[in-house]
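Here is what each chain is made of, one letter per residue.
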Amino acid sequence: MERSPDLAAAIDGAAEALVGVLDSAVSRQQLTVSPTQLRVLSLLSSRPETNVNGLAELLDVVPSSASRLCDRLEATGLLRRVGDPRDRREVRLVPTPAAEALLCEVRERRHRAVQAVLDRMPGRVQQELLVALLAFSWAAALAAEPAPEVAVRSA
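Calculation criteria
Residues numbered from 1 in each chain as written. Predicted model: local features only at pLDDT ≥ 70, side-chain atom pairs only at ≥ 80, totals over all residues. Heavy atoms only, no water. Helix = DSSP H or I, 4+ residues; strand = E, 2+ residues; numbered from the N terminus. Contact = heavy atoms within 4.5 Å. Areas by Shrake-Rupley, 256 points an atom, 1.4 Å probe, with all protein chains shown as cover. Polar contact = N/O pair within 3.5 Å; in protein donor to acceptor, adjacent residues only side chain to side chain. Expected span 1.5 Å × (residues − 1). Buried < 20%, exposed > 50% of the residue type's maximum accessible area, 1.4 Å probe, protein only. Axes fitted to C-alpha atoms, helices over the stretch in contact; angles between N-to-C directions. Parallel < 35°, antiparallel > 145°, perpendicular 65-115°, else oblique. Left-handed = near helix turned anticlockwise from the far one by under 90°. Nonpolar A, V, L, I, M, F, W, Y, C, P; charged D, E, K, R; others polar. Pairing = 2+ DSSP bridges.

Explain the overall build of the protein chain residue by residue, including any values.
Looking only at helices and strands, one finds 6 helices and 2 strands in the protein chain. A separation of at least 24 residues holds for 49% of the contacts in the protein chain among residues at least 6 apart in sequence. Total accessible area on the protein chain stands at roughly 11500 Å², and carbon and sulfur atoms take up 58% of it.

Here's what the structure looks like:
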């Protein structure tokens, strides 16, 4: 299958444009949290078992930096530290209902911003884009899976 040499560059450019649209939708929102804090809330919302060490790994920072981020989020009422019922030595990081509402609002604003761009595109192009994005997501998921192990028979 022959590939256009500019396809990777076009995808990279489209990704940058998409990030710009998403960032613009959030920056106009007058958020009381930084982009990093918003990322932390998003990560924690999708990973309810996370503790400070787990968050530090996800962010690729030292645990003390992750803990300070959590301190600031806790001070603003967007995060709670909750003891793990299975292991009292563990403390889980839980976004508050206010944080979940903020994340929902951010997602809605981003969705509307992307939809505004899509609305400027012909329906046929939108459909082609959908098919291409689904195929790309499928291929990316396959690339992320570990290679199947090959059984070796001894002689």
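Right, picking up where we left off after that structure.
Tell me what's going on with the side chain of N51, and back it up with residues and numbers.
Mapped onto the secondary structure, N51 falls in the loop between helix 2 (35–46) and helix 3 (52–59). A distance of 2.6 Å separates polar atoms of two side chains, one belonging to N51 and the other to E90. Apart from the residues lying within four places of it in its own chain, the contact partners of N51 are E90, V91, R92 and L93.

Account for helix 5 (residues 97–119), with residues named and values stated.
Between its first and last C-alpha atoms helix 5 spans 32 Å; for 23 residues at 1.5 Å apiece the expected length is 33 Å, and the two agree. Among all positions of helix 5, only A99, L102, L103, V106 and A113 are buried.

Requested: an account of the packing of helix 1 (residues 7–27) against helix 5, with residues and values cited.
Where helix 1 meets helix 5, the closest approach of the two axes is 8 Å, and the angle between their N-to-C directions is 130°. Our classification of the angle between helix 1 and helix 5 gives oblique. Relative to helix 5, the crossing made by helix 1 is right-handed. The residues of helix 5 that touch helix 1, namely those facing L18, V21, L22, A25 and V26, are V106, R109, R110, A113, V114 and V117. A class-by-class count of the residues in the contact of helix 1 with helix 5 yields 9 nonpolar, no polar and 2 charged.

Summarise the pairing of strand 1 (residues 79–84); cite the residues concerned and give the values.
Bridge analysis of strand 1 against strand 2 (residues 87–95) gives 6 bridges, and the strand direction is antiparallel. Directly across from R80, in strand 2, lies its bridge partner V94. Remark: 2 residues form the turn of the hairpin made by strand 1 and strand 2, two consecutive strands paired antiparallel.

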